[in-house]
Amino acid sequence: MTKKNSENVTVNSEKKAKKFRWWKLPLGIIVLLILVVGGYFAYVFLTYSRLEDNLNLEVKGSADAIPEPNTEYTVVSYNIGFGAYTADYTFFMDEGKESRARSKESVIECINGTSDKALEYNPDFVLFQEVDTDSTRSLHVDQEKIITDKFNSLGQYDSVFAQNYDSAYLMYPLNEPIGASKSGILTESKFNIASSLRRSLPISTGFNKLLDLDRCYDISRIPVSNGKELILVNLHLSAYGTDAAQGNAQLEMLFEDLKKEYEMGNYVVCGGDFNHDFTTDSKEYFNPGTDKSYSWCNPFPDSIIPAGFKKCTDYSESKVSTTRYTNIPYSPDESFTVILDGFIVSDNVKCNYVQNIDTGYKYTDHNPVVMKFELFQ
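Here is a short report on the structure shown in this document. Just so it is clear, the model here is predicted, and its values are computed rather than measured.

The rules behind the values
Residues numbered from 1 in each chain as written. Predicted model: local features only at pLDDT ≥ 70, side-chain atom pairs only at ≥ 80, totals over all residues. Heavy atoms only, no water. Helix = DSSP H or I, 4+ residues; strand = E, 2+ residues; numbered from the N terminus. Expected span 1.5 Å × (residues − 1). Buried < 20%, exposed > 50% of the residue type's maximum accessible area, 1.4 Å probe, protein only. Contact = heavy atoms within 4.5 Å. Phe/Tyr/Trp six-rings, centres within 6.5 Å; stacked < 30°, edge-to-face > 60°. Lys NZ or Arg CZ within 6 Å of the ring centre and 35° of its normal. Pairing = 2+ DSSP bridges. Axes fitted to C-alpha atoms, helices over the stretch in contact; angles between N-to-C directions. Core = buried A, V, L, I, M, F, W, Y, C linked by side-chain atoms within 4.5 Å.

Another point: helix 2 (residues 104-119). Taking 1.5 Å of rise per residue, 16 residues should cover 22 Å, and helix 2 covers 22 Å from first to last C-alpha, within 8% of that figure. Three or more residues of helix 2 are buried, namely Ser106, Val107, Cys110, Ile111, Gly113, Thr114, Ser115, Lys117, Ala118 and Leu119. Next to the buried residues of helix 2 lie strand 3 (73-79), strand 4 (125-132) and helix 3 (143-152).

See the structure below:
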């Protein structure tokens, strides 16, 4: 081979090498992105798990009082919105902008604000929903501890925490991922809780289960002086990624449990966030002329309420909404609001008073519901 030919071969080889390096780099990036994204989705789905059904829960506290028939008691239900929802907070899954609480100080202020509001009514029982114990979205503030410590400082209370979900780190929205969430429902009682059981609700399947995660209700058994039991149920039904059929399936499961207790002669008080238009007409009442429709406020299916049970919707003062759509900061005139929260009781329980309390959504995207009731002899 001549020197000239050798030089030509060298030049051609260098050109080929340069051409190879030009397309290899972007292809490598694409392959890496596919591996990263695929690995992430594999991580989310493979780490997804649900707690077992019929899980016995730990009862903490030293309450030893026993309720009696023909005596009035007060119960409060309050969804505390994981301590993030100040009145001007907007949430990305409601077409808002934010995904996390603004600061630990804000979370602690909101948790203290909601628990103090519940305590204003000198409650015998409080049912809290959306209580985070270790979540990215609430900056890892242990809200169960804050609330339980506050109640214990005021006297003897029993408390039960039922975990709803413990999710993988979710990478949406990309600008500020909501992250990992560990959250549940918390029951506080001045009266002795003999035992408590967590029931796993039917939820969405496929990808939607990552939006709504796990769901449950808990059944706390409180001995009554006449030998019966007060069955206190705390619940938070599904919201996102759900439809009417799934919502009905959750309620049907709940009502089966409630019927069994009623047939045994027990008293049943069930409260919480039903994620249905609880009165069936509150959407129209608070938002006249609206054409908005959301899966989390489908009308409550009154037809499936079993005989012997009733919703407590005879409000003692005025009709007040219990949740706002958080696409905009709260505005009494512009915000979409409905009633999602409330109580269902068996007919051996007399509802003396029920009222949704207008807080201006200062500390959460929900308003509390207060009910006073008696157990018939």
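Along the polypeptide, Thr133 turns up in the loop between strand 4 and helix 3. Once residues within four sequence positions are removed from consideration, Thr133 is found in contact with Val141, Asp142, Gln143, Glu144, Phe161 and Lys182.

It is worth spelling out the packing of aromatic side chains at this point. This model, assessed by the stated rule, comprises 24 aromatic pairs. Look at Tyr73 and Phe373: their rings are 6.2 Å apart centre to centre, the planes differ by 50°, and that puts the pair in the tilted class. Of this pair, Tyr73 sits in strand 3 while Phe373 sits in strand 16 (residues 369-375), and the two are 300 residues apart along the sequence. Each member of the pair, Tyr73 as well as Phe373, is classed as buried. What links up through ring pairs into an aromatic cluster is the set Phe82, Tyr85, Tyr89, Phe91, Phe92 and Tyr172. Positioned over the ring face of Phe82 is Arg137, at 4.0 Å from the centre of the ring. It is Lys372 that lies over the ring of Tyr353; its NZ or CZ is 5.3 Å from the centre.

Our next topic: the pairing of strand 16. With five of seven residues buried, strand 16 lies mostly within the body of the structure. Summarising the sheet, strand 3 and strand 16 pair through five bridges and their orientation is antiparallel. If you follow Ser77 over to strand 16, its bridge partner there is Val369. Across seven bridges, the pairing between strand 15 (residues 349-356) and strand 16 is antiparallel. Following the sheet pairing, Gln355 is matched in strand 16 by Val370.

Time to look at the sheet that holds strand 9 (residues 229-236). With mixed pairing, seven strands are arranged side by side in an open sheet as 1-7-8-9-10-14-11. In this open sheet, the two strands that pair with only one neighbour each are strand 1 (55-56) and strand 11 (309-311).

What follows concerns the sheet that holds strand 6 (residues 182-189). Across a sheet, paired strands are connected by hydrogen bonds in the backbone, their directions being either parallel or antiparallel. An order of 2-5-6-4-3-16-15 is seen for the seven strands of this open sheet, with the pairing classed as mixed. Only two strands of the sheet have a single neighbouring strand rather than two, namely strand 2 (59-61) and strand 15. If you compare each strand with its neighbour and ignore which way they point, the axes differ by 20° on average. Bridge analysis of strand 5 (residues 158-166) against strand 6 gives eight bridges, and the strand direction is antiparallel.

As a further point, take the nonpolar core. Within the largest apolar cluster, 48 residues are counted, with the highest numbers of intra-cluster contacts made by Phe125, Leu230, Leu254, Val269, Phe274, Met371 and Phe373. Among residues more than four places away in sequence, those in contact with Leu254 are Tyr217, Val233, Leu235, Cys270 and Phe274. Core analysis: the second largest hydrophobic core is formed by 28 residues, Phe82, Ala101, Val131 and Tyr353 among them.

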